[in-house]
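Analysis of the macromolecular model
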Amino acid sequence: MVDHPFRLIRAGLLACIALPLALALPACGDDDDDVDGGATELPLNPNDHHHEACADMDRRVVPVTTDMDTDAIFQLFVDAEPGDIIHFEAGRWQMERELSLDAPCVVLKGAGTTETILDWEGTTSGKGIFVGTGADHFTAEDFTILNTFDNGLEVRGTEGIIMRRLHVEWTGDAASSNGRYAVYPVECRNLLMEHNVARRASDAGIYVGQCHNAVIRWNVAEENVSGIQVENTLGAEVYENLSINNTLGFLVHDLPNLATTNGLDTRVYRNAVIANNFQNFANDFDLAFNVPSGTGMIVLARDNVEIFDNVFEDNRSVNFAAVNYLLLNPDFDMGSNPDFDVYPRRIHLYDNTFSGGGDNPDIGRDLGFFLAAIRLQQPAGLDRIPDIVFDNIAPADSTGDNPLQFCIGDDYDGHVLNLNMDLEALIAEDIATLSANLDNEIAPYRCSLDPVPETPMLETVGPGEGTRPDHNR
Amino acid sequence: MNRMARRLALLLLLTPAVAALAACGSDDSIGSTTSCAGTAFHDPEHAPCDQLSQYALFDGTDDRGWPIPAEGTFVYTLNSSLFSDDTLKLRTIRLPEGAGPMRYQPDLPFDFPVGTIITKTFAVGEDLRDPDTPVHLLETRLLIRRADEWFAAPYEWDDENRDARHRAIGRNNISFSWIDAEGQERSTDRYTIPARTECGQCHRERRDLDVIGPKARHLNGPSRHDPSIENQLTHWAELGLLEGLPDDLADVPRNADAFDPHTGTLDERARAWLDINCAHCHNDTSEVASSGLDLRPNIDEARLLGVCKTPSAAGADGTGGLRYDIIPGDPDRSILVYRMSVDASNTIAIMPRLARSIVDEPALALIRDWVEWLGTEDAENRYPGITRASCIDR
């Protein structure tokens, strides 16, 4: 598996999970046949990870049948006892309102993403499912969420989340009126997201924000603005995901003014970041709106990111870029936000595979237009934007060739586009100055960094007990 | 259990409800017999009663339509209150007999004994220019103090103001109309009775479900329900309902009445309004702490209040295309003002998210004035470092 990550991801995940819903899926997703319900047998797969905190609970299985309307189903959510398994049978439901949940250790369980379909088409407010602070150790698995007005599944402020084998999609056009996030766990601790599929979210498909300890694996993001997005998170393990034909494949980034100010310690490996050339249909004030179509991966202002064994292919604007926060938001006021570190520090890239891409930057966005202009003035032999782009904006007080410790492994024999940007020129949007110092010099970045610590799966980290302090430098 | 037995005995001696109790007495399960039998006490661990009347918190309704608090149920009012589509509200507390008083806390909600039931009844007044206007009752929300946490139970009134029925899933898109305090005809078709699982969206200031209004700073003032009570806190302390109140009221926090200039400066009144309408979410511990906005009254750092602060995840509709939560002196370009100025047709931008579907015009005017004032020298003395130039046109 390790030897052939790309084959695994494309052949396995794409075939099993990312196929259109209309097609039948033989032997995919459902590991078990339908459980006949022996008295003590629960409809949970013993091979899956489950929340240890809930292991010893007496669980009820609460069936959801196709004759139930939205109110009846919501009543089950509202009446949920700790540990309940709310078990949707195979079927399709037209949902008429947001469902919310606040009891701990609850499992929302379907019969498989092609079997259990919850469709919010026609609603004019609300998310699909909202899981609030009282619902620690939450699990959702094996069903499909369609066409929610706002986010598909939002989980906020909880300890312990598993999202597994969910399919979240907007089936209409790729429109800014689609919900912004397919799956949206935020302000959480200890998260596992695996085997999910997200399609046509107007911001991010597979998203994690302001969490401590997240494991994100085996997911597929397709035709979202941002495929897979890890925002202001402390400790993330992101591996063997497929991000294909989004506007932007991966975004690993920090935003200012959030409770978790600066994210840290992200490992991104054995992912496939393929042809993310979909049109940008974000809302025009979203950060994602500023991203050129055809962007493989951006590391934005995040520190301590180790990126290895990934495949980057055919992302037309640029395959990989590590940049300052101001590059996507030049209006940001550093002076009044002194706690926010705008620089990407200690980014370590090695053993990745690149092919194609960088040959046709999207001039519809400032960054893409800039790249397109650069491409035209690249030296002979460089007919496309190099696979690795680094803005090399250094803090004013820094010294040495590589103050941000941007490191590229010896295995990489391609070029680096080093923008050598000047922060003042960026703020002033002085394009002439910005493009005056380009080079393709890789020597300063031939270095190695200590490994980023691995993020353990569903480790119990209580409030304020994170092993990774929230710090800037 | 002893307490339960004592209360049962007391009740048998004192009330005519003996027959009702006896009728249920054959059932051994304590909860079902003593909780919802129309008695004057309630087992807090029991499932919520089907009908509000079963808690015996009220004794019918008066000729205007309001529930009449029963013996042992007392009314409280807030110096400034949450706007809920212009609905009128009756707030009550009932402490379980023999369980002792509520305990004073300076900043956090008071501590209440297990078994306490706090209610808030929402009603539509026909004509808000008339203080004695007839009302149509919408809902009564109960918070019941259980041994380990508060439990929330929403009740929806029937059309004749007779009784309210438990409805855990709430109800969306309720329509009604009224004449507001300025004589304008107003209406909504999007009033929401929140589901039990939605209560936490406001009532989890510190993760655990909790009350919001019963804090010293909201209660420290005269009762608007009973003009003879000059200060609710001292009144309750004298009756033995509240313990731990400082001897000197000057030591007790006090919020202004947002709409009474006699009770505070513009800044104090605006901050009081932001406190009771926003700070239960916009603080540093709630589930939306990620927004980075903190509107609690003890916050003096301008950026935490939104000054020159860019929003974290508000999106296009959430910001109206504006850049900063607050630009001192420029309410028209302040997101805070924008989000108060939209109604429920803008489901993304509207703040607060629950409880409001129409624009609260007096509050909007108040906060506009305050943002305007933040651009003055006077404001720089109150909030050091705040200047209009610090974020404008950046």
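The structure under discussion appears in the preceding block.
Calculation criteria
Residues numbered from 1 in each chain as written. Chains lettered and ligands numbered in written order. Predicted model: local features only at pLDDT ≥ 70, side-chain atom pairs only at ≥ 80, totals over all residues. Heavy atoms only, no water. Pairing = 2+ DSSP bridges. Helix = DSSP H or I, 4+ residues; strand = E, 2+ residues; numbered from the N terminus. Axes fitted to C-alpha atoms, helices over the stretch in contact; angles between N-to-C directions. Contact = heavy atoms within 4.5 Å. Disulfide = S-S within 2.5 Å. Buried < 20%, exposed > 50% of the residue type's maximum accessible area, 1.4 Å probe, protein only. Patch = residues over 30% accessible without salt bridge, like charges linked within 9 Å, V, L, I, M, F, W, Y side chains within 5 Å. Areas by Shrake-Rupley, 256 points an atom, 1.4 Å probe, with all protein chains shown as cover. Salt bridge = Lys/Arg side-chain N within 4 Å of Asp/Glu carboxyl O. Lys, Arg positive; Asp, Glu negative; His and termini not counted. Charge placed at Lys NZ, Arg CZ, Asp CG, Glu CD. Phe/Tyr/Trp six-rings, centres within 6.5 Å; stacked < 30°, edge-to-face > 60°. Buried area = accessible area lost by both parts, 1.4 Å probe. Polar contact = N/O pair within 3.5 Å; in protein donor to acceptor, adjacent residues only side chain to side chain. Nonpolar A, V, L, I, M, F, W, Y, C, P; charged D, E, K, R; others polar.

Below, the discussion takes up the sheet that holds strand E31 (residues 416–418) of chain A. Residues and elements named next belong to chain A. With respect to topology, 11 strands assemble into an open sheet ordered E4-E7-E9-E11-E14-E17-E20-E23-E26-E29-E31, the strand pairing being parallel. The sheet terminates laterally at strand E4 (99–101) and E31, the two strands that pair on one side only. If you compare each strand with its neighbour and ignore which way they point, the axes differ by 10° on average. By the bridge criterion, 5 bridges tie strand E20 (residues 248–253) to strand E23 (residues 295–300) in an arrangement that is parallel. Residue pairing for E23: Phe250 is matched across the bridge by Met297. Of the strands in this sheet, E4 and strand E7 (129–131) are in contact with helix H2 (residues 70–78), which crosses E4 at around 10°.

Turning to the state of the cysteines, a few remarks are in order. Under the counting rule described, the total for this entry stands at 3 disulfides over all chains. Here Cys407 of chain A pairs with Cys447 of chain A through a disulfide, and the sulfurs are 2.0 Å apart. Between Cys407 of chain A and Cys447 of chain A the disulfide shows an S-S torsion of about -105°. By sign, it is left-handed. With Cys407 of chain A in strand E30 (residues 407–408) and Cys447 of chain A in the segment after helix H6 (431–434), this residue pair connects regions lying 40 residues apart in the sequence. Residue Cys447 of chain A is classed as partly exposed on the basis of its relative accessible area of 24%. Bonded cysteines in chain A are paired 1-2, 3-4, 5-6 when counted in the order they occur along the chain. Here Cys278 of chain B is not disulfide-linked; the sulfur of Cys281 of chain B is the nearest cysteine sulfur, at 8.8 Å. Free of any disulfide, Cys281 of chain B has its nearest neighbouring cysteine sulfur in Cys202 of chain B, separated by 4.9 Å.

Let us now look at the pairing of strand E6 (residues 116–119) of chain A. All names here are of chain A. Burial of the side chains of E6 extends over both faces: Thr116 and Leu118 are buried on one face and Ile117 and Asp119 on the other. Bridge analysis of strand E3 (residues 91–94) against E6 gives 4 bridges, and the strand direction is parallel. Each residue of the ladder has a partner; that of Gln94, found in E6, is Asp119. As paired elements, E6 and strand E8 (residues 138–146) share 3 bridges and run parallel to each other. For Ile117, the partnering residue across the bridge sits in E8 and is Thr144.

On to a negative patch on the surface, then. All names here are of chain A. A surface patch of negative charge is lined by Asp351, Asp410, Asp411 and Asp413. Mapped onto the elements of the fold, Asp410 is located in the loop between E30 and E31. Using a relative accessible area of 67% as the deciding quantity, one classes Asp410 as exposed.

Let's shift gears to unusual backbone geometry. Cis geometry marks the peptide bond from Met351 of chain B to Pro352 of chain B; its omega dihedral reads -10°. Residue position: Pro352 of chain B is located in the loop between helix H9 (335–341) and helix H10 (361–373). Unlike most non-glycine residues, Asn245 of chain A shows phi in positive territory, near 55°. Mapped onto the elements of the fold, Asn245 of chain A is located in the loop between strand E19 (242–244) and E20. The class for Asn245 of chain A is partly exposed, based on a relative accessible area of 23%. The phi torsion at Asn161 of chain B lies on the positive side, around 55°, for a residue other than glycine.

Inspection of the entire model under this criterion finds 23 aromatic pairs over all chains. For the ring pair Phe390 of chain A and Phe406 of chain A, a centre distance of 4.0 Å and an interplane angle of 15° mean the geometry is stacked. With Phe390 of chain A in strand E29 (residues 388–390) and Phe406 of chain A in the loop between E29 and E30, this residue pair connects regions lying 16 residues apart in the sequence. Like Phe390 of chain A, the residue Phe406 of chain A is buried in the burial classification. For the pair Tyr55 of chain B and Tyr155 of chain B, a centre-to-centre distance of 5.8 Å together with 90° between the ring planes defines the contact as edge-to-face. Residue Tyr55 of chain B is located in the loop between helix H3 (30–34) and strand E1 (58–61), and its partner Tyr155 of chain B is located in strand E8 (residues 150–157); the two are separated by 100 residues in the primary sequence.

Below, the discussion takes up the interface of chain A and chain B. Interface size is commonly expressed as the accessible area that is lost once the parts come together. The interface of chain A with chain B comprises 47 residues on the first partner and 37 residues on the second. Of the roughly 3400 Å² buried where chain A meets chain B, counting both sides, 45% is carbon and sulfur surface. Counting every contact that joins chain A to chain B gives 6 salt bridges. Note that Asp339 of chain A and Arg303 of chain B form a salt bridge whose closest N and O atoms lie 3.6 Å from each other. Summed over the shared surface of chain A and chain B, the number is 7 residue pairs in polar contact (both at pLDDT 80 or more). Within the residue set of the side of chain A that touches chain B, elements represented by two or more residues are H2, E4 and strand E11 (181–186) of chain A. Counted by class, the side of chain A that touches chain B contains 16 nonpolar, 14 polar and 17 charged residues.

Residues and elements named next belong to chain B. With antiparallel pairing, the 6 strands of this open sheet are ordered in space as E3-E4-E6-E7-E8-E9. Strands with a single pairing partner mark the edges of an open sheet, and in this sheet they are strand E3 (73–76) and strand E9 (164–166). Direction aside, the axes of adjacent strands within the sheet are offset by 30° on average. Alignment of strand E4 (residues 88–94) against strand E6 (residues 117–125), held across 7 bridges, turns out to be antiparallel. Counterpart to Leu90 in the pairing with E6 is Thr121.

Read these as layout, nothing more, since geometry by itself doesn't imply function.
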